[in-house]
Amino acid sequence: MSSPLNLYSRYIKNTYGQRVQKIPIDGGFTCPNRDGSKGYGGCTFCNNDSFSMGVKELSIQAQVNNGVELYRRRFPELKKFIVYFQSYSNTYKDVKELERMYLEALKIEGVIGIAIGTRPDCIDKEKITLLENLAQNYEVTVEYGVESLSDETLRRVNRGHSVRDFEQALDLTYGRGIKLCTHLILGFPWETEADLQKTCQRIKKYPLDFIKIHQLQIIKGTIMGAEFEKNPFHVIEKEEYFKMLMEIISHLDPKIVIQRLFSDYHRDYLISEPWPQSLSQLTSEFILFLQSFRSYQGKNFS
Ligand code: SF4
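Residues numbered from 1 in each chain as written. Predicted model: local features only at pLDDT ≥ 70, side-chain atom pairs only at ≥ 80, totals over all residues.

> Explain the overall build of the protein chain here, please?
When its secondary structure is counted, the protein chain shows 10 helices and seven strands. A globule of 302 residues ought to have a C-alpha radius of gyration of about 19 Å, and the protein chain, at 19 Å, matches this closely. Based on the C-alpha atoms only, the size of the protein chain along its principal axes is roughly 50 × 45 × 40 Å. In the protein chain, the proportion of contacts linking residues at least 24 apart, taken out of those at least 6 apart, comes to 87%. (Helix = DSSP H or I, 4+ residues; strand = E, 2+ residues; numbered from the N terminus. Rg over C-alpha atoms; globule rule 2.2 N^0.38 Å. Contact = placed C-beta atoms within 7 Å.)

> It is not clear to me how the site of the ligand should be interpreted in this structure. Could you clarify?
Near the ligand the following residues occur: Cys31, Asn33, Arg34, Gly42, Cys43, Cys46, Asn48, Tyr88, Ser89, Arg119 and Gly145. Across the shell around the ligand, the residue classes tally to four nonpolar, five polar and two charged. (Near = placed C-beta within 6 Å. Nonpolar A, V, L, I, M, F, W, Y, C, P; charged D, E, K, R; others polar.)

> Can you help me understand unusual backbone geometry in this one?
Most of the time, phi is negative for any residue but glycine, and the peptide bond is trans. Backbone geometry at tyrosine 88 places phi at a positive 60 degrees, although glycine is not the residue there. Among the structural elements, tyrosine 88 can be located in the loop between β2 (80–85) and α3 (95–106). Given 24 C-beta atoms within a 10 Å radius, tyrosine 88 is considered buried. In this structure, glutamate 147 takes a positive phi of about 70 degrees despite not being glycine. Within the element layout of this structure, glutamate 147 appears in strand β4 (residues 139–147). (Buried ≥ 20, exposed ≤ 12 C-beta atoms within 10 Å, placed from the backbone.)

> Help me out: how do you make sense of the packing of helix α9 (residues 238–251) against helix α10 (residues 279–292) in this one?
Angle between the axes and distance between the axes: these two values describe a pair of packed helices. Between α9 and α10, the shortest axis-to-axis distance is 11 Å and the interhelical angle comes to 65 degrees. The angle between α9 and α10 places the two elements in the roughly perpendicular class. For α9 against α10, the interelement crossing comes out right-handed. Within the contact between the two elements, α9 uses Phe242, Leu245 and Met246 and α10 uses Phe286, Phe289 and Leu290. Class assignment of the residues belonging to the contact of α9 with α10 gives a composition of six nonpolar, no polar and no charged. (Axes fitted to C-alpha atoms, helices over the stretch in contact; angles between N-to-C directions. Parallel < 35°, antiparallel > 145°, perpendicular 65-115°, else oblique. Left-handed = near helix turned anticlockwise from the far one by under 90°.)

Everything listed here is a matter of geometry and, on its own, says nothing about what the molecule does.
See below:
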């Protein structure tokens, strides 16, 4: 039976015919809602240390070389890599400095592209032109974190930008040869069925190449974590998440490639109860769940 999901592993196999390893790095960036230009303290759910894997004290080249060496121990046949500018907002510097950093990554042997995690309010025409030029020779992905398609949620989590900002960033980027990715979190405790349906209707309109979705987890060292410890609230459970995810996935354009469906923070960082399954176990379980409801990506897309 064919998969009910258009997963990244299949995209990589069909596009490159071999494994391509993403190597996360830390380019020493910050965020506008951490450095005071939009706010302080960052998004209430975020502790960058909980997911960042790079070492900002090292050069980009050294971080990539370390990553290559590490992954080649597990997969000695690896030849192709995508450098993932992961930590904080990776377009939040002067365009000349960005060019120097991206080129430093792209010049490394075996690197076929870059993936750039950023915020929708950290992009402009000049930066898009830089990325468009790089995309003529490399796979260049911009990953705009929006996290929720509800302005009320964005306000409550101190995001410092709106859904409209996200849509404007998509408009600015679309059609320039740059791959578009976004990142959504499901399970904010105040979001309702109506919010979920609004998200389903919005997500189907966006011209995305890739998407990452994950469940809300409560992380140590965050504003939300402190709120949770003071006044515990319901944290989304696996069965609930599967149902929400099925609804979103059924509205998703079948052409959009799914890069991620679950988060896997190390349990040392978690305040909420960790889910014991690995990412691949959760994905397999979710596929069985979809099949049991005869659902699939794009079932309600049209
Ligand atoms: S989620 Fe992203 S934008 Fe928000 S504080 Fe963390 S790194 Fe900054």
